[in-house]
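A structural walkthrough
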Amino acid sequence: MPLSGNSEIAPGSNVQVQVQCLAHSAGLPLPSYATSGAAGMDFLAAVEQPMVIAPGARGLVPTGLKIALPPGYELQIRPRSGLALKHGIVLPNAPGTIDEDYRGEIGIIVMNAGAEPFIVERGMRIAQGVVAPVVRAVWSESTSLDETARGEGGFGSTGTRSS
């Protein structure tokens, strides 16, 4: 029995997502895929005035969008590699999760890990979003677990070699 109700998703299939555009997103396009092979769609900054994020600081960038995902899906908010490489702009909670039952505005938490102030301009591609199916875990308590080659080896244990 499927846990999320969407185990029959074919690769490359489309999922209908309802979107409500808020007043401060007027004139901005909806999120879109830059290429036919892109997994993530670009989300744009719906700032009304330029927003300065100082080095080491965080800011919440509005998108002006509210969404309704279908049951069994989430929207993952991920950083854009170009902003990370060129300006040190990261998403400190990446990937951020937008749950299917959230109906507020999507806001992008950005952090400037760079050395210079970063200016967020209206319409700037600030993050990317990936719609993904959700699988729910059903926990089953046990008194013991099966043995594996790794065992209880923790942080960094798979990167070491025995002599």
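Described in the following lines is the structure provided in the data block. (Residues numbered from 1 in each chain as written. Predicted model: local features only at pLDDT ≥ 70, side-chain atom pairs only at ≥ 80, totals over all residues. Heavy atoms only, no water.)

**What about the overall build of the chain?**
Counting secondary structure elements, the chain contains 1 helix and 10 strands. Seen in sequence order, the chain has helices and strands lined up from the N terminus as β-β-β-β-β-α-β-β-β-β-β. Relative to its length of 163 residues, the chain is extended, with a C-alpha radius of gyration of 20 Å against a globular reference of 15 Å. A principal-axis box enclosing the C-alpha atoms of the chain has dimensions of 55 × 45 × 30 Å. When burial is assessed residue by residue, the chain has 29% of its 163 residues classed as buried. In the form shown here, the chain has an accessible surface area of approximately 11100 Å², with 53% of it arising from carbon and sulfur atoms. Considering the chain, the positive charge centre built from 11 side chains and the negative charge centre built from 14 side chains are found 9 Å apart. (Helix = DSSP H or I, 4+ residues; strand = E, 2+ residues; numbered from the N terminus. Rg over C-alpha atoms; globule rule 2.2 N^0.38 Å. Buried < 20%, exposed > 50% of the residue type's maximum accessible area, 1.4 Å probe, protein only. Areas by Shrake-Rupley, 256 points an atom, 1.4 Å probe, with all protein chains shown as cover. Lys, Arg positive; Asp, Glu negative; His and termini not counted. Charge placed at Lys NZ, Arg CZ, Asp CG, Glu CD.)

**Comments concerning unusual backbone geometry**
The amide bond that connects A94 to the next residue, P95, takes the cis arrangement and shows omega of -10°. With respect to the secondary-structure elements, P95 resides in the loop between β6 (89-90) and β7 (96-98).

**Brief notes about the layout of surface pockets**
As a volume, the largest pocket reaches approximately 730 Å³. If you go around the largest pocket, you meet 26 residues; those closest to its centre are S13, V15, Y33, M41 and V131. Going through the elements one at a time, β2 (41-44), β4 (58-68), β5 (73-78) and β10 (125-133) are the ones with two or more residues in the lining of the largest pocket. The biggest single contributor to the lining of the largest pocket is β10, with 4 residues. Taken together, the residues of the lining of the largest pocket sort by class into 21 nonpolar, 5 polar and no charged. (1 Å grid on protein atoms, 1.4 Å probe; cavity = no way out; pocket = protein on both sides within 12 Å on 5 of 7 lines; lining within 4 Å. Points joined across faces, edges and corners; volume = space filled by probe spheres on them. Nonpolar A, V, L, I, M, F, W, Y, C, P; charged D, E, K, R; others polar.)

**Overview of the sheet that holds β2**
Within the open sheet, the 4 strands sit side by side as β2-β10-β5-β7. Their pairing is antiparallel. Of all the strands in the sheet, the pair left with one neighbour each is β2 and β7. For this sheet the average axis-to-axis angle between neighbouring strands, irrespective of direction, equals 35°. Relative to β10, β5 is paired through 6 bridges, and the arrangement is antiparallel. Note that in β10 the partner of Q76 across the bridge is V130. (Pairing = 2+ DSSP bridges. Axes fitted to C-alpha atoms, helices over the stretch in contact; angles between N-to-C directions.)

**Details of the nonpolar core**
The nonpolar side chains of a soluble globular protein tend to be buried with one another. Grouped together as the largest cluster of nonpolar side chains are 23 residues, with contacts concentrated most on V61, I108, V120 and I126. Setting aside its immediate chain neighbours within four residues, V61 contacts A45, V47, M51, I106, G107, I108, V110, V120 and I126. (Core = buried A, V, L, I, M, F, W, Y, C linked by side-chain atoms within 4.5 Å. Contact = heavy atoms within 4.5 Å.)

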